[in-house]
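The chain contents come next:
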Amino acid sequence: PEERCFVHPGSANFSVGHYSCPWLVYYQLVRTSKPFMRDLTECSNYDLLLFGGNIEVLAADGLIIVDGYVRMNANARIGALVGGLRRKVDDLLSKKITNPRFEVAKSVEMKLIVKLLRTDGMG
């Protein structure tokens, strides 16, 4: 069930009045007088699409659903592209685990992913 949560007063983001991204992700939820999020950061749609939970593409409805909860209006082509990028990230991380000297950040694919995240798909 959904419930309203608040930024913890001890959080670095407590005094932020407006967020530029539509989502917040948090590490810890503390319940005192009300539910408070701690250790939180803004999260763009592309952050969620690339690093969130499972993706379900409902092409006929123009929707992508992340982790059974987050609903985004998007062309089915975006879902297919994101699925390919996620597989590439998984491949790169597997290579890094196999070979710790492998420099993920220098790969062409990771440079493209970083650009996508920095520009929110507008670069």
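Scroll up for the structure.
In this report, we go over the structure that sits alongside the text. The structure presented is a predicted model; accordingly, all values stated were derived computationally and were not measured.

1. Side note on the overall build of the protein
Alright, step 1. The helix and strand inventory of the protein stands at three helices and six strands.
Alright, step 2. The order of α-helices and β-strands along the protein, N terminus first, is β-β-β-α-β-β-β-α-α.
Alright, step 3. Dimensions along the principal axes, computed over C-alpha positions, put the protein at roughly 45 × 45 × 25 Å.
Alright, step 4. In the protein, which comprises 123 residues, the proportion classed as buried is 26%.
Alright, step 5. In the protein, the proportion of contacts linking residues at least 24 apart, taken out of those at least 6 apart, comes to 35%.

2. Looking at the environment of Gly-62
Alright, step 1. Turning to its location among the elements, Gly-62 is positioned in the loop between strand S4 (55–58) and strand S5 (63–66).
Alright, step 2. Along the primary structure Gly-62 and Asn-73 are separated by 11 residues, whereas in three dimensions their C-alpha atoms are 5.7 Å apart.

3. Focus: the pattern of salt bridges
Alright, step 1. Evaluated as defined, the whole model comprises three salt bridges.
Alright, step 2. Where Arg-31 meets Glu-3, a salt bridge forms, and the shortest distance between an N and an O atom there is 2.7 Å. Taken as a pair, Arg-31 in strand S2 (residues 23–31) and Glu-3 in the segment before strand S1 (6–7) lie far apart in primary sequence, 28 residues in all.
Alright, step 3. Residue Glu-3 is classed as partly exposed on the basis of its relative accessible area, which comes to 42%.
Alright, step 4. Across the salt bridge formed by Lys-106 and Glu-103, the nearest N and O atoms sit 3.3 Å from each other.
Alright, step 5. The class for Lys-106 is exposed, based on a relative accessible area of 57%.

4. Focus: the sheet that holds S2
Sheet strands pair via backbone hydrogen bonds, and the direction of the pair is either parallel or antiparallel.
Alright, step 1. Judged by pairing direction, the sheet is mixed, and its three strands sit side by side in the order S1-S3-S2 without closing on themselves. Edge positions in the open sheet fall to S1 and S2, since each of these has one partner strand only.

5. Overview of the side chain of Arg-86
Alright, step 1. Turning to its location among the elements, Arg-86 is positioned in helix H2 (residues 76–98).
Alright, step 2. Engagement of the side chain of Arg-86 in a polar contact is seen with the backbone oxygen of Gly-52, the distance being 2.6 Å.

6. Quick look at the nonpolar core
Alright, step 1. Judged by nonpolar contacts, the single largest core of 17 residues is most densely connected at Leu-49, Met-72 and Met-110.
Alright, step 2. Listing elements by their share of this core, those giving two or more residues are helix H1 (45–51), S5, strand S6 (70–73), H2 and helix H3 (108–119).
Alright, step 3. Looking at this core element by element, the count peaks at four residues for H1.
Alright, step 4. Leave out the neighbours within four places in its chain, and Met-110 touches Val-89, Leu-92, Val-104 and Ala-105.

What counts, and where the lines are drawn
- Residues numbered from 1 in each chain as written.
- Predicted model: local features only at pLDDT ≥ 70, side-chain atom pairs only at ≥ 80, totals over all residues.
- Heavy atoms only, no water.
- Helix = DSSP H or I, 4+ residues; strand = E, 2+ residues; numbered from the N terminus.
- Buried < 20%, exposed > 50% of the residue type's maximum accessible area, 1.4 Å probe, protein only.
- Contact = heavy atoms within 4.5 Å.
- Salt bridge = Lys/Arg side-chain N within 4 Å of Asp/Glu carboxyl O.
- Pairing = 2+ DSSP bridges.
- Polar contact = N/O pair within 3.5 Å; in protein donor to acceptor, adjacent residues only side chain to side chain.
- Core = buried A, V, L, I, M, F, W, Y, C linked by side-chain atoms within 4.5 Å.

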